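This is what each chain is made of:
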Amino acid sequence: ADGQWGQLLAAVSSAYAEQDLERQLLSNALDVNAQELTESNRKLQLFIDHAPVGIVMLDHHLRYMYASRRWLKDSQSNLHDIVGKDHYQHLPWISERAKQAHQKGLLGATETCEEERLTLPSGREEWYRWEVHPWFDAAGQVGGLIIMTENITSRKQAEEQLRIAAVAFPARDG
């Protein structure tokens, strides 16, 4: 009888040891995946922060989730002051054209605008190029929007100066 108990205890002990080994392997795999994910997120954040255009990520209710340094600079914002806040309350001067693009984006469409003149609250006019892209959650539903903006005011001013120069100093043939 003692031999049977011994065999049973050895089998149970072996099964527990095997389960413990599987649990340790799974834990190690999760740690490695978490480290890889953290590293991947760090690289993505670095890429976004140093992009030459402004990038902002909004949730489905158009509340701020993240913004690049360029976007924060262009909108004269601080990330800690805007996270969780409504996009339209923070920037009430957004055009109707952009608001319509946001609504289409929430339905899954991508919208672009090559140039749009905006009048800021200060009265200053600026020109922007922008794109609105939906982002999707794990279930495949639109989770919100990624908006990219580029201030093209300098380019538009240079184009206007060239246009004026062309009128003031017409080309002469021969």
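Read on for a plain summary of the structure. (Residues numbered from 1 in each chain as written. Predicted model: local features only at pLDDT ≥ 70, side-chain atom pairs only at ≥ 80, totals over all residues. Heavy atoms only, no water.)

In terms of regular secondary structure, the chain is built from 6 helices and 5 strands. Shown N-terminal to C-terminal, the secondary structure of the chain runs as helices and strands in the order α-β-β-α-α-α-α-β-β-β-α. Within the chain, buried positions represent 26% of all 174 residues. Counting contacts in the chain only where the partners sit at least 6 residues apart, residues at least 24 apart contribute 38% of the total. About 12,400 Å² of surface is accessible on the chain, with carbon and sulfur atoms providing 55% of the total. (Helix = DSSP H or I, 4+ residues; strand = E, 2+ residues; numbered from the N terminus. Buried < 20%, exposed > 50% of the residue type's maximum accessible area, 1.4 Å probe, protein only. Contact = heavy atoms within 4.5 Å. Areas by Shrake-Rupley, 256 points an atom, 1.4 Å probe, with all protein chains shown as cover.)

All right, on to the side chain of Thr 153 then. Within the secondary structure, Thr 153 sits in helix H6 (residues 153-168). Side chain to side chain, Thr 153 and Asn 151 meet in a polar contact 2.7 Å long. Ignoring any residue separated from it by four or fewer positions in sequence, one finds Thr 153 in contact with Glu 125, Glu 126 and Trp 127. (Polar contact = N/O pair within 3.5 Å; in protein donor to acceptor, adjacent residues only side chain to side chain.)

With that settled, consider the sheet that holds strand E4 (residues 125-136). The strand order E2-E1-E5-E4-E3 describes an open sheet built from 5 strands, whose pairing is antiparallel. With one partner strand each, in any of the chains shown, strand E2 (64-67) and strand E3 (111-119) form the two edges of the open sheet. Recorded for the sheet is a direction-independent mean angle of 25° between the axes of neighbouring strands. Two strands pair when backbone bridges link them, and E4 and strand E5 (residues 142-151) are joined in this way by 9 bridges, in the antiparallel orientation. Across the sheet, residue Trp 135 finds its bridge partner in E5, namely Gly 144. Each of E3, E4 and E5 touches H6; the most contacted strand, E4, lies at about 140° to it. (Pairing = 2+ DSSP bridges. Axes fitted to C-alpha atoms, helices over the stretch in contact; angles between N-to-C directions.)

Tallying each qualifying case throughout the model produces 1 cavity of 30 Å³ or more. Here the largest cavity is characterised by a volume of approximately 270 Å³. Along the walls of the largest cavity sit 17 residues, with Leu 91, Trp 93, Ile 94, Leu 118 and Thr 149 positioned nearest its centre. Put simply, the parts of the chain that give the lining of the largest cavity at least two residues each are helix H2 (69-74), helix H5 (96-106), E3, E4 and E5. Per-element accounting of the lining of the largest cavity gives the leading share, 3 residues, to E4. Among the residues making up the lining of the largest cavity, the classes are represented as 10 nonpolar, 5 polar and 2 charged. (1 Å grid on protein atoms, 1.4 Å probe; cavity = no way out; pocket = protein on both sides within 12 Å on 5 of 7 lines; lining within 4 Å. Points joined across faces, edges and corners; volume = space filled by probe spheres on them. Nonpolar A, V, L, I, M, F, W, Y, C, P; charged D, E, K, R; others polar.)

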